[in-house]
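# A look at the structure
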Amino acid sequence: MSDRFFNWRFWPLFFKELNELRRNRRLIGMMLLPPTLNLVLLGFAMNPEVTDLRLGIVDESRSAESRELISAFAESKSFVPAAYYSSVEELTRALSGGELEAGLVVPSDFAKKRARHESAEVQLLVDSVNSNTGSIAGGYAARVVGALNEKISLNRTSVQPARAESRVSLFYNAGLQNSWFIVTGMIGMLLVMLGSLVASASMVKEKEVGTVEQLLMTPAGSAEIILAKMAPIFLLLSVDIGLSTLVGNFVFGVPLRGSFTLLYFSGMLCVLSGIGIGTIIATFTRSQQQAQLMSFFVNPPLSMLSGATTPIEAMPQWMQPLTNLNPVKHFAVLARGVMLKGVGLEVLYPNFLALVVFTIILVGVSAWRFRKQLN
Amino acid sequence: MSAAIQVRNLVKNYNGFEAVKGVDLDISAGEIFGIIGPDGAGKTSVFQVLGGVMEPTSGEARMYGKSTVDARPFVGYLTQTFSLYQDLSVAENLRYVGQLRLLKRRQIEERGEHYLQMFDMARFKDRLAGSLSGGMKQKLALACALIAEPKILLLDEPTTGVDPVSRREFWDALAGLATGGMTMVVATPYLDEAERCHRVALMYDGEIHQTGTPAEIREQLGLQRLEVRAADLAQLGAAEDILNRIPSINDVQRFGDRLDLMVANVEVGEQATRDALGAAGIQATEFKSGAPTLENSFVAKLRELGGELKTSPFPRRRQFRERAADAIAIGAHDLGKRFGSFNAVKNINIEVKYGEIYGLLGANGAGKTTTIKMLCGLIGASSGKMELAGESGSLRSSFVRQRIGYMSQKFSLYDDLTIEENLNFFAGVYQVPREEREEKKRWVLEISGLEGKGDLVTCSLPGGWKQRVAFGCAVMHEPSVLFLDEPTSGVDPLARRAFWKMINGFADRGVAVLITTHYLEEAEQCNRLGFMVAGELVAEGTPSGVKAAQGGHLIELITDEPQAAADLLKHTRERWRISLFGDRLHVVVDANAEFEIEGLKKELATANISVLEAYEMPYSLEDVFISVVEKARNRG
Amino acid sequence: MKRIIAQTRKELTQFSRDRLTVVLALVLPMILMWLIGSSVSLTVSDLPVVVQDFDQTPTSRRYVETIRASLTFRIVPLPITAAPESALDKEKARAAIVIPADFEADLKRGKSTEVQWLIDGTDANTANVMRNNAAMISQAFNQQNAASVAPAINAEMRFWFNPGHDSNQYIGPAVFAVGLALFPPLLVALAMSREGEQKTILQVYVASIHAHEYLLGKILAYMIVAIGEWVLTLALAIPMFGIWFKGDPTVFLISSFLYLFCNVCFGAMAGASIPNQAAAIQAVQNVCFLLSFLLSGFVFPISNIPSWLRWVSGLVPARYFVEVSRDVFVRGGGWPATWHVPVVLAFLSLAFLFKGWMSLRKMQIDA
């Protein structure tokens, strides 16, 4: 029994692949560097946080009241008074030159109106070229003014009017660390993309160099060949799952609140889907160059339409259901569920099942295509 | 004559490995200078330095007094691999190279036209370089190198993988250029080509061991050549072993259907041979003496330098099952292959029995490789029936493949693995029993001359060595059917002999072998041959059979100016009738040989070419090949 | 010069020979731009939320109406028995709002009360938007409810340049830059490394063509291709994102040319130093695309990148082109605002060109 096991044709094929992989330092680098480097880079760089907005001020009132308003802005962490301007024209010029993110115009009758207990108008100009920053800045400004209004009305009337307050509790990511979102999304993306890249490279290389003929003349069956080709890539990339979890934890403090086993298994399914995609690409191409160009058709949609780095809700309505066809999306949900929310399979089973189905389909189709090509 | 190329103490190191160990060369203007040597001797490194594309580690090379880098404008360089843009047409390739060399458009067109005419390629002007056959690619590459009319032409194994007819045409073109005053340096594994050089240098292990005209080199050997033919070709191997033991015979070399004995005295040698062979019951049919060829000298010199490979016997473990006599190992009936509208192979019938060596011969692009791939089940046939190792249904079953050895024309080892890892892989995947593996791996390393070097990465080996390892890998599992597609392409003469010794050994033990080759003298050792032209099997039979089927007579002429004589005769006769074999001229005539010889002598005398010797000869396979292919080409 | 033209002609012939590559080269940037443009955005709307109203009074229902009226949220039903947190766990909702039982009573009694907003913080940016909205919804509710005094200060918000909060205005011009960052350098890098891989470079070496002629010939050929891509992509971007030149386009045109040149030079440099097609593709893909995508300030503001990483973005050509492209299509600041862009791009191009020339300079095999 054990003799048959050791004499199985899979082993020489497997060790051949492993040795080739070992020799290919560039490929190894490609498999081990991105999870660490990319994750760190992306975690730091992809940060849409809005703080320290530069606020330009035109104060035509120059009164105690106007200074109260300006200091209310200055005290909030969101705004930094950058400069004072003598006219609205100057302010708008600075705004269009990109020197400011927001401008505050206090008209000359501000103090007068306040004294008369009339509503005093001020103008807030927000650069909303970046609509995300713009709307967040608008929200901050509204909160600053609202808080000041409350204070003023408190001082004016002794009776406190009954108010409804929003008490916000932030779940899962109380510090609102954007890197947590990026890291949990990127892991799956890297696993799928690397899997497909490495698999297509190793499959197509044999075709390109011509050794595939020699391989086909050996008695090895196509199942053995494809298994041996997938196994080393699978093993190496499985290491990456743990590696990227570690990097996420050490560099960004991403927690692991749920079961590591579930995360690991999902990651392995991701790797397998990636290998499946890569193998399918390889069966359609003749050279590495073609394979890589082909992957430009496949990888951008996989990464863009996954909600891995940007919220799915920001996509057009009709596009949102399409993300369900993307294994990267399901892994992102799984990773966030396990790492940030600490939930388990009882909640995440739909995504896990989806991953299982994708893996079966992709690996199945790739094996079928590969086989068809061999014969 | 002025020195066109001067090389002084040239040394080239690659990461501690000394490829060239101090080479000196002086080559005169208008000379064809040949560099010959076994694989890995450092020839390519010398060419790359001369071409100005690589810095030497030390020493210097000057061309017409200029450094190699400055000399580039008047140097043409043709590499081993086709350095053409495959996706450009013939005309576009020429135009690009011409424009890079700052030629005027008129010049490019005129010269391009001229060289394409000269190489008989004008029809293919608009064809993509990638879809030309190997021989045509090399001719186009030559035309590209020539378009700037360089003063010096460097040719690094330009005819590797090119069929004998194209090879001759290529050399005819070179000879024509040399008479125009161009200096040429050529490396070649074909020693009959080297005969056409003015001077040759023998390079071995990074050093030059001998330089001189082919005649000088032949003389330096100081021996006479004695050709011996046996009645039965199968006995030639045994005869070689016997003669090797006779002290008065300095060296025995096998050439296809004959043995060349190197002897100090012809009479003594002949007598000794007759005695020895007679005692062994081998009938020697023909004795002929003459000056040794360049190949004789080359082989003798390499043996002296210790460059010969061992051919240790294969550690065979299994016996063949008893088979019915004349069982068919490879069978094809009306086999055809169509690629789109192109009929690559047309209704071929082949039968190869166990123990038989079948040679498939043909020009580049005749469909040999396609046929082999169909026969071993790699690609499906469009029509016809096949039989392989007793199976006629599924040729792709792992049971069938276990019994087949295959060595593809394209390189078949994993370049990025070490030799040891390659051997382990093939031993494992063919499930060679564990207890035999060590012995078999050792055997492969021995026959490749790589003992103790198993951990070299395969891609660092010269081509010829890889071929030997690949052969070893293909036979480790003791197959009963062996497919070899140009196994000796680019392999030096000594190694080729070693190859054939092993192939013969396998056939003797009942292995069926199907082989293709461009070395026709090797093909003499096949039991049967098939000639393919444009996808059809036009002639088939034993070597002697196909020769006998060739009508007319063959006359060999030795003249003082073989090239000029060939050019002259080609004008007055059909082209296929005249071919150069080294320094000899072969002419195929229909009428009485004696009568024709007189005619030829007279004809050549009018051009002041004197005939030194002229006699009728038996056809060699190469003669047959040339006339079969050329006749087919003339038909259309 | 003649040699440069010969080189260019040959490159273009080779390029046009491979129909598939031609189609890919012209179509892929457009597809990529379309894909990124329609999928990459941070501007969320219609976020699903669940509301658990323990009060079930007219007042509490009015609060719910206020939520419904905001464009940011979309209320999805929640089974009575379910815990609101579970909706977050299951990704059914991004936030859960719990209105306490005596909401109306408290307010009527003049006692302040609290509505609980449980917000999914996984996506920090979206969470931030939700937090702002939670505050604003309560403020709006209070104002309606009190209906008493006018606020002391009435801030009139004016969103400049992009009043509709249309993220296309922001993303569009930048995507245009990113879409062009990948393919021109990729094609030229492939054309360079292919010569190394197929050994045709030897033919070039012996032809005594100078390194700069060889390099410029390739660059010129792929500049022509790149300009073709630029025209097509621009023609798609204008209707797709609904953008048009706001002011003087000359700085944009000059910068476009320099940007394409810069990218092609980078590709040539990569191809010259990596004689292996697959590796060259990798290098170009990682550097040109990934860095352009991440460090150009195209979605994520450059000011948020930590300073130890920010200097890298200074070397990314796309970063400058994004600036000029946003300026011409959205702000219209013209030369005074963006004069530095062509200067920097020209400088970067020369640096890449020089590096490429250095690795080819000898026109010899390295050994």
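Keep in mind the model is a prediction, meaning the values are calculated, not measured.

## Regarding the overall build of chain B
- Secondary structure summary: chain B contains 22 helices and 27 strands in total.
- Relative to its length of 636 residues, chain B is compact, with a C-alpha radius of gyration of 25 Å against a globular reference of 26 Å.
- Dimensions along the principal axes, computed over C-alpha positions, put chain B at roughly 70 × 55 × 50 Å.
- For chain B, the residues scored as buried account for 52% of the 636 residues in total.
- The long-range fraction of contacts in chain B, counting pairs at least 24 apart against all pairs at least 6 apart in sequence, stands at 74%.

## Details of the overall build of chain A
- For chain A, the count of helices and strands is 14 helices and five strands.
- Taking the principal axes of the C-alpha coordinates as reference, chain A spans close to 95 × 45 × 35 Å.
- Residue burial in chain A is summarised as follows: out of 375 residues, 53% are buried.
- Within chain A, contacts between residues separated by at least 24 positions form 79% of all contacts whose residues are at least 6 apart in sequence.

## Thoughts on helix α16 (residues 463-475) of chain B
All names here are of chain B.
- Compared with an ideal rise of 1.5 Å per residue, which puts 13 residues at 18 Å, α16 spans 19 Å between its outermost C-alpha atoms and is within 8% of the ideal.
- Within α16, 12 of the 13 residues are buried, leaving the element largely enclosed by the surrounding structure.
- Turning to α16, its buried residues are Gly464, Trp465, Lys466, Gln467, Arg468, Val469, Ala470, Phe471, Gly472, Cys473, Ala474 and Val475.
- Contacts made by the buried residues of α16 are with β19 (404-407), α14 (419-429), α15 (434-447), β20 (481-485) and α17 (493-508).

## A short note on the confidence of the model for chain B
- When pLDDT is averaged along chain B, the result is 84; 96% of the residues meet or exceed 70.
- Both confidence scores are given for the complex: pTM 0.81, ipTM 0.78.

## With respect to the interface of chain A and chain C
- Every contact between the two is made by 88 residues of chain A and, on the other side, 91 residues of chain C.
- Of all the elements in the fold, those that place two or more residues in the side of chain A that touches chain C are α3 (25-45), α5 (88-96), β4 (120-127), α7 (131-156), β5 (164-171), α8 (178-209), α12 (288-304) and α13 (327-341) of chain A.
- Considering every element that reaches the side of chain A that touches chain C, the biggest residue donor is α7(A), with 18 residues.

## Side note on the sheet that holds strand β12 (residues 249-255) of chain B
All names here are of chain B.
- Reading across from one edge, β12-β13-β11-β14 is the order of the four strands in this open sheet, with antiparallel pairing throughout. Two strands in the sheet have a free side with no partner beyond their single neighbour: β12 and β14 (284-290). Across the sheet, the mean angle from the axis of one strand to that of its neighbour is 20°, orientation sign disregarded.
- In this sheet, strand β13 (residues 258-263) lies alongside strand β11 (residues 224-230) in antiparallel orientation, the contact comprising five bridges. From the neighbouring strand, Glu227 faces β13, where its bridge partner is Asp260.
- The strands touched by helix α11 (residues 294-305) are β11, β12 and β13; relative to β12, the strand with the most contacts, the crossing angle is about 120°.

## Observations regarding the interface of chain B and chain C
- Chain B puts 24 residues into the contact, and the matching count from chain C is 20 residues.
- Mapped by element, the contributors of at least two residues to the side of chain B that touches chain C are β6 (75-78) and α3 (90-100) of chain B.
- The element contributing the most residues to the side of chain B that touches chain C is α3(B), with five residues.
- The residue makeup of the side of chain B that touches chain C, split by class, is 12 nonpolar, seven polar and five charged.

## A few points about the sheet that holds strand β8 (residues 183-187) of chain B
Residues and elements named next belong to chain B.
- Spatially, six strands are ordered β6-β7-β8-β3-β9-β10 in an open sheet, and the strand pairing comes out mixed. The open sheet has two free edges, formed respectively by β6 and β10 (207-212), since each of these has just one partner strand. Taken over all neighbouring pairs, the strand axes of this sheet differ in orientation by 15° on average, direction set aside.
- The pairing of strand β7 (residues 152-156) with β8 spans five bridges and is classified as parallel. What sits directly across from Leu153, in β8, is Met184.
- Contacts from helix α5 (residues 134-146) reach β6 and β7, with the element oriented near 165° to β6.

## Focus on α17(B)
Residues and elements named next belong to chain B.
- In this model, α17 (16 residues) spans 23 Å end to end at C-alpha, consistent with the 22 Å of a helix rising 1.5 Å per residue.
- Pro493, Ala495, Arg496, Arg497, Ala498, Phe499, Trp500, Met502, Ile503, Phe506 and Ala507 are the residues of α17 that are buried.
- Following α17 by one or two positions, Gly510 adopts a phi angle in the positive range, close to 100°.

## Some details on the packing of α5(B) against helix α6 (residues 164-179) of chain B
All names here are of chain B.
- Where α5 contacts α6, the two axes come as close as 10 Å, and the packing angle between them is 15°. Compared by their axis directions, α5 and α6 come out roughly parallel. Where α5 crosses over α6, the two elements pack in a sense that is right-handed. Every residue of α6 that contacts α5 at Gly135, Gln138, Lys139 and Leu142 is listed here: Ser166, Phe170 and Ala173.

## Brief notes about the pairing of strand β22 (residues 528-533) of chain B
Residues and elements named next belong to chain B.
- As defined by bridge partners, strand β17 (residues 357-362) adjoins β22 across five bridges and the pair is classed as parallel. If you follow Gly359 over to β22, its bridge partner there is Leu529.
- Note that β22 and strand β23 (residues 536-541) share five bridges and pair antiparallel. Residue pairing in the sheet places Met532 in a bridge with Leu537 of β23.
- If you look at the hairpin formed by β22 and β23, you'll find two residues sitting between the two strands, and Ala534 has a positive phi there, around 45°.

## Overview of the packing of helix α10 (residues 222-252) of chain A against helix α11 (residues 260-284) of chain A
Residue and element names in this part refer to chain A.
- Two elements in contact, α10 and α11, have axes whose closest approach is 9 Å; the angle formed by their N-to-C orientations is 135°. Taken as axis vectors, α10 and α11 run oblique relative to one another. When you trace α10 past α11, the crossing you get is right-handed. Two secondary-structure elements touch here, α10 through Met230, Ile233, Phe234, Leu237, Ser238, Ile241 and Thr245 and α11 through Leu263, Tyr264, Gly267, Met268, Val271, Leu272 and Ile275.
- Residue composition of the contact of α10 with α11, by class: 11 nonpolar, three polar and no charged.

## Focus on the environment of B:Gln210
Residues and elements named next belong to chain B.
- Residue placement: Gln210 occurs in strand β10.
- Classification of Gln210 by C-beta neighbours within 10 Å gives partly exposed; the count is 17.
- With 78 residues separating them along the chain, Gln210 and Leu132 place their C-alpha atoms 38 Å apart.
- In this view, Gln210 contacts Ala201, Leu202, Ile217, Gln220 and Lys301; residues no more than four positions away in its chain are not counted.

## Some thoughts on the confidence of the model for chain A
- When pLDDT is averaged along chain A, the result is 83, and 95% of the positions lie at 70 or above.
- Here helix α1 (residues 2-6) of chain A is the element of chain A with the lowest mean pLDDT, 69, and α11(A) is the one with the highest, 91.

## A short note on the pairing of β6(B)
All names here are of chain B.
- What you see with β6 is no split at all: Val75 and Tyr77 on one side and Gly76 and Leu78 on the other are buried throughout.
- Relative to β7, β6 runs parallel, the two sharing four bridges. Residue pairing for β7: Leu78 is matched across the bridge by Leu155.

Parameters at a glance
All residue numbers here refer to positions counted from 1 along the written sequence of the relevant chain. Whichever chain is written first is A, and whichever ligand is written first is 1; the rest continue in order. Given that the model is predicted, a residue must reach a pLDDT of at least 70 before its local features are reported, and side-chain atom pairs must reach 80 or more before they are shown or counted; all residues, however, enter totals for whole chains, interfaces and linings. A helix here means a DSSP run of H or I that spans at least four residues, while a strand means a run of E at least two residues long, and both kinds are numbered starting from the N terminus. The globule rule used for comparison is 2.2 Å times the number of residues to the exponent 0.38, while the radius of gyration itself is calculated over C-alpha atoms. Residue burial is a threshold on neighbouring C-beta atoms within 10 Å of the residue's own C-beta, all placed from the backbone, with 20 or more meaning buried, 12 or fewer meaning exposed, and counts in between meaning partly exposed. Contact definition: two residues whose C-beta atoms, as placed from backbone geometry, lie within 7 Å. Expected span of a helix: the number of residues minus one, times 1.5 Å. Confidence of the predictor in every single residue is expressed as pLDDT, which spans 0 to 100. Criterion used throughout: strands pair if DSSP finds at least two bridges between them. Structural elements are reduced to axes, namely lines fitted to C-alpha atoms, with helices fitted over the stretch in contact, and the angle between N-to-C directions of any two is expressed from 0 to 180 degrees. In this classification, Asp, Glu, Lys and Arg are treated as charged, Ala, Val, Leu, Ile, Met, Phe, Trp, Tyr, Cys and Pro as nonpolar, and every other residue, Gly included, as polar. Orientation categories follow fixed angle ranges, with anything under 35 degrees roughly parallel, anything over 145 roughly antiparallel, 65 to 115 roughly perpendicular, and all other angles oblique. Left-handed is the label given to a crossing in which the near helix is rotated counterclockwise from the far helix by less than a right angle, and right-handed is the label when the rotation is clockwise.

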